[in-house]
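Understanding the architecture of this molecule
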Amino acid sequence: MSLSKRDKKHLWHPLKQHQLQPESIAIIKAKGCILTDEDGNEYIDAISSWYTCMYGHCNDYIIEKTYQQMQQLDQIMFSDFTHEPAVKLSEELIKVLPEGQNKIFFNDNGSTAVEAGIKMALQYYFNKGEKRSTFVAFENGFHGDTFGAMSVSGLSVYNGPFEDFLIDVKRIQTPNGKNHEDILNQLREITSNHQVAGFIYEPLLQGAAGMTIHDADGLNDILRFCKQTNILTIADEVMTGFGKTGKYFASDYIETKPDIMCFSKALTAGLIPMAITSCTQNIYDAFLSNDMAKGFFHCHTYSGNPIACAAAIAGIELLQSETIQNNIKRIIKAHQEFNKTIKAHPKVKSTRQLGVVFALDLDTKMERYGGLRDKLLKFFMERGVFLRPLGNTIYIQVPYVISKTELEKVYRVIQEALDAL
C-alpha cells in the first residue's frame, strides 16, 4: 500500500478540510531545493517549506553540526541545567539581533514564541502593580494558533469558532505612507479608553495576509508612540527573520527597536523544531524578585534542546557567510528582473517584493481555500514546482541555495499559470 493511502487511515493534517481534500502527496526525500515524492516526481520547494529551510533541505553543514552534537548531549531539562549549545547560541544570536535585545527564552514553535511574548508583556505590568489587559495589533495579522497568539491574530478564517474565548485586542490599520496620522489618532483613542499592555506586529511584511508590505516610516511612528506611552512592543519575526527581507531581521529597517522579539521557522533551518522569545534587559529585570511568584513560570519540555541549538548555531553561521549573503543578493536581483515583465501581465493586479520574498495578486476574486486556489496549486505541482497560493496571492520565498535554473523554472511556471487562467 502506498504512503498516501496509509496516511488516510490515521493522520489528520493541518489547514485542510479532509472531506474536500482527502489526498496528501507523500514526500520521501528532500535535498537542496528539491522534494521527491513516492512516485519519483520532483518539485522545487519555492516556499522553503513554510519559510523554514532557507539554507536548503538536508544541508550538509547543518547536518554535520547536529550529528556531532548528538554524540555528546541529546536532551536535558533546561529549568535546572544549562549547556554549551544554549550558551553559544545566545551569544551568537545576540550579536546579530537588533540593538537592545539581551535575554533569550526558549520555546517550541512560532505560536509558543508569541505566547511567551504576550505573557511577558502582561506579567511585566502585573509585577509592577499595574493591571493592563489589552493588546494592539494590526488588521489581518497572523501570529499563530495557540490561544494568546490566536487572540492577537486578525484573520478570522483561523479564529472563527474561538472568538468568544480570546483576550482583548484592538486592531489598527497597517501604515501605507498616507494614513500615519489616522493610525496615531486610533492609538490615542485606544490608549485613552483601555489599559494597553503591548503592541504586537509583523515588521514590514504580513505573511499570512498575502505577503502584504507596509511602510517602514509609518511603523516607526507607531513604535515611537508606544515607547512614549509605555506600551511594550513585540516584533513577531517568526516569518521575516534570518535574512528573508534582505537584512538579518525586518526590524533592522526600522529605527525604533522592539522590546520583545519572537523567532522560529528559519531559526533552526527547518531541521528541528525550536523557537525563541528574546527581550531587553529592562523586561527581564521586572521578573527579578525575592517573591517567587514574580518569576516567569512558563516552560516547555524541550526548551533549549541541545541538538536544536546546534542546528540554530550552524544556521546563523551560514546566514553570515559570504556565499549566502551573495545568494540573497542574487535572488533579490532576479525577483526584480522578473517583476519587470510579470507586472504587465493582464491577469496581474499588483506585485511587491521585499528581500527574497516576491508576491503578485491576481486580478480576480478568490477564496482563501477555494476551488480556483486549489486548481492553481495542482497546476504548479503538475509542473514540478511547489507554490502555495494565499487566496489570490501567488508568492515566492525560495531557499537561499536555489540555482539560477531552478529559479527560472519557478518564474516560468507562474507565467504559464497566468497564461492558462
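Look above for the structure.
Just so you know, these numbers come straight off a predicted model, no measurement behind them. (Residues numbered from 1 in each chain as written. Predicted model: local features only at pLDDT ≥ 70, side-chain atom pairs only at ≥ 80, totals over all residues. Heavy atoms only, no water.)

In this section: helix α5 (residues 110-127). An ideal rise of 1.5 Å per residue puts 26 Å on 18 residues; α5 measures up with 25 Å between its terminal C-alpha atoms. In terms of residue burial, α5 counts as a mostly covered element, since 15 of its 18 residues are buried. Between the side-chain oxygen of the N-cap and the backbone nitrogen of Ser111 there are 3.0 Å, and the N-cap of α5 in question is Asn109. Looking one or two residues beyond α5, the residue adopting positive phi is Gly129, at roughly 85°. (Helix = DSSP H or I, 4+ residues; strand = E, 2+ residues; numbered from the N terminus. Expected span 1.5 Å × (residues − 1). Buried < 20%, exposed > 50% of the residue type's maximum accessible area, 1.4 Å probe, protein only. Polar contact = N/O pair within 3.5 Å; in protein donor to acceptor, adjacent residues only side chain to side chain.)

Another aspect to go through is the nonpolar core. Judged by nonpolar contacts, the single largest core of 96 residues is most densely connected at Leu89, Leu93, Phe199, Phe242 and Ile414. No other element matches the ten residues that helix α11 (residues 306-319) contributes to this core. Setting aside its immediate chain neighbours within four residues, Leu89 contacts Phe106, Met274, Ile276, Cys309, Ala312, Ile313 and Ile316. Counting 26 residues, the second largest nonpolar core, distinct from the first, contains Val114, Ile118, Cys279 and Phe287. (Core = buried A, V, L, I, M, F, W, Y, C linked by side-chain atoms within 4.5 Å. Contact = heavy atoms within 4.5 Å.)

One non-glycine residue, Asn140, lies in the positive phi region at around 65°. Note that Asn140 resides in the loop between β5 (134-138) and α6 (147-152). A positive phi angle, close to 55°, is found at Met211, a residue other than glycine. With respect to the secondary-structure elements, Met211 resides in the loop between β8 (205-206) and β9 (212-213).

The values reported here are purely geometric and, on their own, carry no functional implication.
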